[in-house]
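Observations on the three-dimensional arrangement
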Amino acid sequence: MLWLLLALPCLGGSVPRAPDPRPGRELVGIVGGCDVSARRFPWQVSLRFYSLRHGQWRHVCGGSLIHPQWVLTAAHCVQPEELEACAFRVQVGQLRLYDHDELTRVVKIIRHPQFNESLAARGGADVALLELEAPATLSEHVHPVSLPPAFLRVPPGKTCWVTGWGDIMYRKPLPPPYPLQEVDVPIVGNEDCGRQYQNHSGGPSEVIREDMLCAGREGRDSCQGDSGGPLVCRWNCSWVQVGVVSWGSFCGHQDFPGVYARVTSYVSWIRQYVPRFPGP
Ligand code: 4AZ
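In this convention, every chain numbers its residues from 1, walking through the sequence in written order. It should be noted that, the model being predicted, local features are given only for residues of pLDDT at least 70 and side-chain atom pairs only at 80 or more, the latter also being counted only at that level, while totals for whole chains, interfaces and linings use all residues. Only heavy atoms go into the side-chain values, all of them from the structure, while hydrogens and water stay out.

1. Things to note about the pattern of salt bridges
Condition: Only one rule defines a salt bridge in this text: a Lys or Arg side-chain nitrogen within 4 Å of an Asp or Glu carboxyl oxygen. Going along the chain from the N terminus, every DSSP run of H or I of four or more residues is numbered as a helix, and every run of E of two or more is numbered as a strand. Burial classes follow relative accessibility: with a 1.4 Å probe on protein chains only, a residue under 20% of its type's maximum area counts as buried, one over 50% as exposed, and anything between as partly exposed.
All chains considered together, the criterion is met by eight salt bridges. Salt-bridge contacts for arginine 48 lead to aspartate 101; the nearest nitrogen and oxygen are separated by 2.7 Å. In this pair, arginine 48 sits in strand β2 (residues 44-51) while aspartate 101 sits in the loop between β5 (88-92) and β6 (104-111), placing the two residues 53 residues apart along the sequence. Taking the shortest distance from any N to any O, the salt bridge between glutamate 131 and lysine 108 comes out at 4.0 Å. With glutamate 131 in strand β7 (residues 128-132) and lysine 108 in strand β6, the pair connects residues that are 23 residues apart, well separated along the chain. When its relative accessible area of 40% is taken as the criterion, lysine 108 is described as partly exposed. Taken together, the salt bridges that share partners define one network made up of Glu191, Asp192 and Arg195.

2. Describing the site of the ligand
In plain terms, the rule: Proximity criterion: a residue is near a molecule or strand once any of its heavy atoms comes within 4 Å of it. Under the rule applied, a polar contact is a pair of N or O atoms within 3.5 Å (in protein, one hydrogen donor and one hydrogen acceptor; residues adjacent in sequence only if both atoms are side-chain atoms). Throughout, the Shrake-Rupley method with a 1.4 Å probe supplies accessible areas, and for residues the shown protein chains are the sole cover considered.
Around the ligand, the structure places 12 residues, and the nearest of them are Asp221, Ser222, Ser227, Phe250 and Cys251. In this structure, aspartate 221 approaches the ligand through a side-chain N or O atom, which is 2.8 Å from a nitrogen atom. At 2.9 Å from a nitrogen atom of the ligand is found a main-chain nitrogen or oxygen belonging to serine 222. About the coverage of the ligand: the protein hides 97% of its 310 Å² of free accessible area.

3. Overview of the confidence of the model for the chain
The line we're drawing: Think of pLDDT as the predictor's per-residue confidence, scored from 0 to 100. We call two residues in contact when some of their heavy atoms are within 4.5 Å.
With 87% of its residues at a pLDDT of 70 or more, the chain shows a mean pLDDT of 89. Predicted confidence for residues 1-9 stays below pLDDT 50, and this span has six contacts to residues more than four positions away or in other chains. When the criterion is pLDDT under 50, residues 11-28 qualifies, and its contacts beyond four places in sequence or with other chains add up to 43 contacts.

4. Considerations on the nonpolar core
Our working rule: In these notes, a set of buried Ala, Val, Leu, Ile, Met, Phe, Trp, Tyr and Cys residues joined through side-chain atoms within 4.5 Å is what counts as a nonpolar core.
Among the nonpolar cores identified, the biggest contains 51 residues, and Leu65, Ile66, Phe88, Val90, Leu129 and Ile270 are the most heavily contacted of them. Secondary-structure elements contributing two or more residues to this core are β2, β3 (56-67), β4 (70-73), β5, β6, β7, β12 (238-247) and α3 (267-271). If you tally residues by element for this core, the top one is β7, at four residues. Once residues within four sequence positions are removed from consideration, valine 90 is found in contact with Val45, Ser46, Leu47, Val71, Glu102, Leu103, Thr104, Val106, Leu130 and Leu132.

5. A closer look at the state of the cysteines
Counted only if it meets this: For the purposes of this analysis, a disulfide is any pair of cysteine sulfur atoms at a distance within 2.5 Å.
With the rule as written, the count across this model stands at four disulfides. Across a sulfur-sulfur distance of 2.0 Å, cysteine 61 and cysteine 77 are joined as a disulfide pair. With the S-S dihedral at roughly -85°, the linkage between cysteine 61 and cysteine 77 falls on the left-handed side. Here cysteine 61 is found in strand β3, whereas its partner cysteine 77 is found in the loop between β4 and β5, with 16 residues between them in sequence.

Rendered as C-alpha cells:
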C-alpha cells in the first residue's frame, strides 16, 4: 500500500514519456564502455520515477550533482511539464544501480524556459535543474562536478567521457548488477556533426543548434537511459561538465555522433539558481 500513498499525490494520471525505441535503430547504449571504478565520477546521479508496474522507483535518466543540493539533468527527462517535483527521486553515490538505494526527494524542478515540449530534445535548451530536499552528504563517492566558464570552447577531437546506466545495445539494457558505465568519446565540431545529420535526414537546415555539442564515434557513444547524464572533460587539471546527454540517431553509429546540451550556453542561466560550489 505504501507505494500508493507515495505516488498518488503526484501522479495525476500522467507518467513521464519513457524514451521509446524507434524502429530501425540498430546500435544503442553507452556503447563500448567499461565499468566505472569507485570515486571516478562521484557526481553521477540516477533520476528515478515511481513505476506502478514494477512497484519500484525506476531509473529513468542520468544527472549530475553540480552543488550538494542541485542536480543538472535534461529537460526531456522531466516532461511533461505537469509532472511535479514529488514524482521524482534522486540517488547519489551509486556504482551499481539499485544497490542499497537511499533516495533523496526532489523539491523543485526548473525546466529551461526555452525547452519546447513538442520539439523535445531536438529543439534545444534540453536542460533542467532539480533542487534536492537536503544537501547530499559529500564523500569520496559523492561530489559535485565543476561547470565550465562560459567562454570555454571544447576543441573538436578532444577526448571527453560520458557515463550512465543506459542500454548497451539496441533493446539490450545494461544487465544486472547494473554497473555504471563510462566511455571516452571524441568531441565532434558542430559543422561536421550538422553535415552528418543533414546528409542522412535531408531535413531542416539547422539540425545541430549552437546550444548543442556533439561527441562520439562508431562504437563509442551514449544512448537511451543515459539521457540527462554528464559529458565531462579534463580542463586545467580538473573535471568540468561540458554536456548533458540529450539525443542522437541510433547509438554508436558511425554516421551519427551523440548530441548533448552545451553546458557553456547555459551556465549563466544555471547560476541564477545554483550557488557556486565551493563558494567564492
Ligand atoms: C535517447 O533515446 C538517446 N546516441 C540518448 C542519447 C543518444 C541517442 C538516444 C546518443 O535517450
